[in-house]
Amino acid sequence: SCGNFNGDPADDTTQAIFERIGARVTQEDLLFNHFAQISFTREEQDMLRNRCSAEKLVEGELKCRQELMTSAPIAEVNACVFDRCFGMDEHALQTAKSLT
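If you're wondering where the values come from, they're calculated on a predicted model, not measured in any experiment.

Participant: Would you mind going over the nonpolar core with me for this structure?
Facilitator: Across soluble globular proteins, you tend to see nonpolar side chains buried next to one another. Core analysis: the largest hydrophobic core is formed by 14 residues, its most contacted members being Leu-48, Leu-68, Val-81, Phe-82, Cys-85 and Phe-86. Of all elements in the fold, only α2 (42–51) and α4 (74–86) reach the threshold of two or more residues within this core. For this core, the leading source of residues is α4, giving 7 residues.

Have a look at this one:
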């Protein structure tokens, strides 16, 4: 789901991908036999708490809870919110790791 293969990189932004597919790839669109295990580190939690604006945090949690199954584990919800807060930052994971 990184692109839609139409040759237009302008509609392959993180925001456009979120709008196109939602919080996670659906089972029927999955290219592999299973979903990847989702982890959410303490560093990512700290970054989410300290560097994501309150507005983005609330908006992200509302959207993620709407798009994910109600039984989704908290790590999956948090990872989704992290993606919504920092998905446009290609260095977000590197930044989170530097907080250790």
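Participant: Can you help me understand helix α1 (residues 14–21) in this one?
Facilitator: Along an α-helix, residues three or four positions apart point the same way, because every turn accommodates 3.6 residues. Buried within α1 are the following residues: Ala-16, Ile-17 and Phe-18. Tucked inside the fold, the buried residues of α1 contact α4.

Participant: It is not clear to me how the state of the cysteines should be interpreted in this structure. Could you clarify?
Facilitator: A covalent bond between the sulfur atoms of two cysteines is referred to as a disulfide. On inspection of all chains with the given rule, the structure shows 2 disulfides. Disulfide partner of Cys-52: Cys-85, at an S-S distance of 1.9 Å. Across the S-S bond of Cys-52 and Cys-85 the torsion is about -55°, and the bridge reads as left-handed. Taken together, the residues span a long stretch of sequence, with Cys-52 in the loop between α2 and α3 (54–67) and Cys-85 in helix α4 at a distance of 33 residues. Across the pair, Cys-85 and Cys-52 agree in class, each one buried. The disulfide that involves Cys-64 links it to Cys-80, with 2.0 Å between the sulfurs. Measuring handedness by torsion sign, the sulfur bridge of Cys-64 and Cys-80 sits at about -85° and is left-handed. Placement of the pair is Cys-64 in helix α3 and Cys-80 in helix α4, with a sequence separation of 16 residues. The pair formed by Cys-64 and Cys-80 is uniform in burial state, with each residue classed as buried. Ordinal numbering of bonded cysteines along the chain defines a disulfide pattern of 1-4, 2-3.

Procedures and definitions
- Residues numbered from 1 in each chain as written.
- Predicted model: local features only at pLDDT ≥ 70, side-chain atom pairs only at ≥ 80, totals over all residues.
- Heavy atoms only, no water.
- Core = buried A, V, L, I, M, F, W, Y, C linked by side-chain atoms within 4.5 Å.
- Buried < 20%, exposed > 50% of the residue type's maximum accessible area, 1.4 Å probe, protein only.
- Helix = DSSP H or I, 4+ residues; strand = E, 2+ residues; numbered from the N terminus.
- Contact = heavy atoms within 4.5 Å.
- Disulfide = S-S within 2.5 Å.

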